[in-house]
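Fold and contact review
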Amino acid sequence: MVRRTKEDAAATRAAVLDAALQVFSRKGYAATRLEEVAAEAGVTRGAVYWHFAGKAELYGALMQERMGRLVALHEEALGPAGRRAPMAAIERLLVRSIDYLQEDPEFRAVMELNWFKTELTPELAAGFEHKIAGVRRLVDALAELLRAAVAAGQAAPDLDPRAAAVATASFAQGLMAMALMDGELLGSRAATRRVIQTFLRALRS
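In every chain, residue numbers begin from 1 and rise along the written sequence. Only residues with pLDDT of at least 70 are given local features in this predicted model, and only at 80 or more are side-chain atom pairs given and counted; all residues enter the totals for whole chains, interfaces and linings. Hydrogens are left out, water is left out, and the side-chain values use all remaining heavy atoms of the structure.

1. A word on the nonpolar core
Residues belong to one nonpolar core when they are buried, are Ala, Val, Leu, Ile, Met, Phe, Trp, Tyr or Cys, and are joined through side-chain atoms within 4.5 Å. Think of it in three bands: residues with accessible area under 20% of the maximum for their type are buried, residues over 50% are exposed, and the middle band is partly exposed, with areas taken using a 1.4 Å probe on protein chains only. In this structure, L58 and L94 are the most contacted members of the largest nonpolar core, which totals 62 residues. Two residues form a contact once any of their heavy atoms are found within 4.5 Å. Non-local contacts of L58, meaning those with residues more than four positions away in its chain, are made with V16, L17, A20, F24, L34, V37 and F52.

Here it is as structure tokens:
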């Protein structure tokens, strides 16, 4: 019975998160009410509050959990194996990030919500700081790879690793935003890879 209760609670929590993504995506963060999320999930408002203290906590959990695969992709690409072939690791990070965006409708919806449908309000300030910290970790990891690329002769000898890391992170986020706003502008998967290769040639030159 206890196990079943835990399974039921987990199923309810997952249903609330699924519903939150749907309602937030339709209405934006500010206009969404928890009663609407509960109705979408087919549960009571109390059931939502059982799992989440409020709308900000629900939103934060949604962002953190549904973007976990992207974080895993970054960690895999930029980990110890990546340092043996740093430019290949950076290329893999860029390619897999855009592929994930194009292949996974749920992740695409999460990113659209995150970038285009969420107003920065005081109650989301902690989440925004968490996002900034994540970007800084990415830039730090990219800078380490780019320093290794310069040392290995894979990147331009006069490359500034820190500046190039910021440029690479900006390029990655800009490319994903462009794919969300106008996927036709990027064209086919092969065309997107050519865009990525064009950027990487600038680092190698």
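2. Overview of the environment of A177
A run of H or I in DSSP becomes a helix once it reaches four residues, and a run of E becomes a strand once it reaches two; helices and strands are each numbered from the N terminus. Turning to its location among the elements, A177 is positioned in helix α10 (residues 161–181). A relative accessible area of 14% means that A177 is categorised as buried. Separated by 76 residues in sequence, A177 and L101 have C-alpha atoms that sit 9.9 Å apart. Those residues in contact with A177 that lie beyond four places of it in its chain are W115 and F116.

3. Some remarks on the pattern of salt bridges
One side-chain nitrogen of Lys or Arg within 4 Å of one carboxyl oxygen of Asp or Glu is enough to make a salt bridge. Going through the model one piece at a time under the given rule, you end up with 15 salt bridges. R13 is the salt-bridge partner of E65, the closest N and O atoms lying 2.6 Å from each other. With a gap of 52 residues between them, E65 in helix α4 (residues 55–66) and R13 in helix α1 (residues 2–27) connect regions that are remote in the sequence. The class of R13 is partly exposed, set by a relative accessible area of 26%. Across the salt bridge formed by R45 and E35, the nearest N and O atoms sit 2.9 Å from each other. With R45 in helix α3 (residues 45–51) and E35 in helix α2 (residues 34–41), the pair connects residues that are 10 residues apart, well separated along the chain. A single network of salt bridges, built from pairs that share partners, joins K27, R33, E35, E36 and R45.

4. With respect to helix α5 (residues 68–78)
Every buried residue of α5 is accounted for by L70, L73, H74, A77 and L78. Viewed along the axis of α5, the buried residues span an arc of 110°, placing them on a single side of the element. This arc describes the spread of directions from the helix axis toward the C-beta atoms.

5. Structural notes on the environment of A30
Mapped onto the fold, A30 is located in the loop between α1 and α2. With 87 residues separating them in the primary sequence, A30 and K117 have C-alpha atoms 8.8 Å apart. Contact partners of A30, with chain neighbours within four places excluded, come to K55 and E119.

6. What about the side chain of E36?
Relative to the helices and strands, E36 is located in helix α2. Under this definition, polar contacts are N or O atom pairs within 3.5 Å; protein pairs additionally need one hydrogen-donor-capable and one acceptor-capable atom, and for neighbouring residues in sequence, both atoms have to be side-chain atoms. Only 2.5 Å separates the side chain of E36 from the side chain of K27, close enough to count as a polar contact. In this structure, E36 is in contact with V23, K27 and A31, ignoring residues within four places of it in sequence.

Geometric descriptors of this kind do not, in isolation, establish any biological role.
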